[in-house]
Each structure stands twice: as C-alpha cells, then as structure tokens.
Amino acid sequence: MNRTLQTWVNGLGIWTPGLPNWAAWQALCQGSGTLDDTAPARPQPARLAAGERRRVSTHVLAAIEVADQAVAMSGHDGGELPCIFASAYGDLGIMDYMCAVLADTPQHLSPTRFHNSVHNAAAGYWTIASHCHAGSQAIAAAQSTFGAGLLEAAVLARADDHPVLLVVHDDPGSGPLAEAMHVDQSFACALVLSPHASAANTPRLDLALVDNAAKPTPPQHPFAAHLTANNPSAKGLALLEALATGATGRVTLAAAPNLGLDIAITRPL
C-alpha cells in the first residue's frame, strides 16, 4: 500500500531581517547574495492598510508578507485558498505585555493589544484583507510546528483536491517569556501546496511518516543553521534550502515529538 502523500509546491515566500523575500533567500542559498543590512526591520505588506500596519506587531506583519509572496508566485487568488497559519508560541511580545499589565495595572490593558493576542490573529487579518471565505486554521506544535503545519496542509490539499496556503511564523518575545522560549530572531515563511502540478519542473514533495528515531535534516548554510536553532518556525529551512537551490533528494523534519516527516523532493519534467 502506498503510504506517501504527494503534493506540489506552487508558491513560496520568506521573510526575516536581512532577507525580505524569496529571491533574496535563493541568492543567499546559491552563493550569489548576502544578508541586506539596509532592509526594513519590519515588513510592510501592502495588503494591510497603513493604520493596520501601525497597530499590529511584526508577528502579524511577517505572516501577511510571506503569504502575499507565496500567493503571488503561485498565481492563485488568495481569497480562494484555504489557509493554515502555524506558530509555535504565538505573539510572544504581546503575551509578555499582557502578563505584565494584568499583574500590575490591569485597568491599563490595551484593547487593541488584547485583540491581537489570540493565536489566530494573523489568520484573521489575512482572511479579512484577502476577502477569503475558505476555511482557515491556526495550529501550534512547539518545536515541531513547521512539520505539523506542512503535514496538515498536504493532507488538506489532497483531501479537498484544492491548493492550500501554509504560513509558519514566530518572533522573539520580551521579559521572562523571551528567556523561556529562546526565540532570538523573527522568521516567517509560506508555501502554496497543490494536489496537482501547475507547470513543468514544479517541485513535488512525497511525504511519509516515520518514527522519531529519524533525526531532522539540518540546513547547510550557516545563517540557516542559526535560524533553525533559534526559531521553531525555521525548523523547515532544510526543505526551503533545497527548494531554493533546485536540489532533489530527501529531508526529514519533525512533525510531533514522536513523529517524523520524510520528504522526497523531485522535479518531474
């Protein structure tokens, strides 16, 4: 019996300080680019109105930015894509703010920040801004969040026979939460997964579940290795590195504490 789950990558997006988009990530992985120290410290996705961009945190801004990048590359209408937003810890900065204010001066709690504290805040901003009436999910799986999100998106794409948008994002907190969670740099990425190839040489992923004895594949680039060690949403960078360089082969990611995801990457002609 075939136990692999087959899906195609139609679109990709990435953002982290110094790497504002997929083209910059490709150049870095291929050895023709470097980190851009002049790039904005916060993304400014045009899909959000200026007032919204001022009110929300980098956690939401980065998620909307990479979603837009991936959807644009895919050629799909974002309003028609079911979406999965995956974050290991949610908005740590707002969580720390709320804990501190509730402990000392609860009457000063900002309604706007409270509104943005929910785990599916980014999914809400995206679906409203893109006029998306398809289903949306917000999931968390700690250090396995990227793999869990990828598995969920691939299953949904195959089950519904429809492309799916996956966004994975986490950023640093402050105060005690920063000390506990050990996230030292913002990172977000997005993939549009489809049950069908959209064009020749579209990357195909064959996913298979394995037990936790399989060690996750590390990325090769030193900067990618640093991100992988310091942001749970970057645990899939070995896969994104292969997609950026055009490599084929296999990578393994964690999908749960006791479950791995073996991914064969091919590019059928």
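So, how was this worked out
Residues numbered from 1 in each chain as written. Predicted model: local features only at pLDDT ≥ 70, side-chain atom pairs only at ≥ 80, totals over all residues. Heavy atoms only, no water. Helix = DSSP H or I, 4+ residues; strand = E, 2+ residues; numbered from the N terminus. Rg over C-alpha atoms; globule rule 2.2 N^0.38 Å. Buried < 20%, exposed > 50% of the residue type's maximum accessible area, 1.4 Å probe, protein only. Contact = heavy atoms within 4.5 Å. Areas by Shrake-Rupley, 256 points an atom, 1.4 Å probe, with all protein chains shown as cover. Core = buried A, V, L, I, M, F, W, Y, C linked by side-chain atoms within 4.5 Å.

Participant: Describe the overall build of the chain, listing the residues and the values that go with them.
Facilitator: Along the backbone of the chain there are 10 helices and 8 strands. Relative to the globule expectation of 18 Å for 269 residues, the C-alpha radius of gyration of the chain, 18 Å, shows essentially globular dimensions. Along the first, second and third principal axes, the C-alpha set of the chain runs to 60 × 40 × 35 Å. Going through the 269 residues of the chain one by one, you find that 52% of them count as buried. Long-range pairs, those at least 24 residues apart, make up 73% of the contacts in the chain with a sequence separation of at least 6. A total of about 11800 Å² of accessible surface is found on the chain, and carbon and sulfur atoms cover 55% of it.

Participant: Go over unusual backbone geometry, please, and point to the residues and values.
Facilitator: Residues other than glycine seldom take positive phi values, yet D161 does so here, at roughly 55°. Among the structural elements, D161 can be located in the loop between α7 (145–160) and β4 (164–170). For D161, a relative accessible area of 47% gives the class partly exposed. Notably, H182 is not glycine yet its phi reads approximately 60°, a positive angle. With respect to the helices and strands, H182 occurs in the loop between α8 (175–181) and β5 (187–194).

Participant: Requested: an account of the nonpolar core, with residues and values cited.
Facilitator: Counting 44 residues, the largest nonpolar core has W25, L150, L240 and I263 as its most contacted members. Per-element tally for this core: the top contributor is helix α10 (residues 237–245), with 7 residues. Dropping the residues within four chain positions of it, W25 is found in contact with I14, L19, A224, L237, L240, E241 and A244. Counting residues in each nonpolar core, the second largest holds 26 residues, with L48, A62, A63 and V192 among its members.

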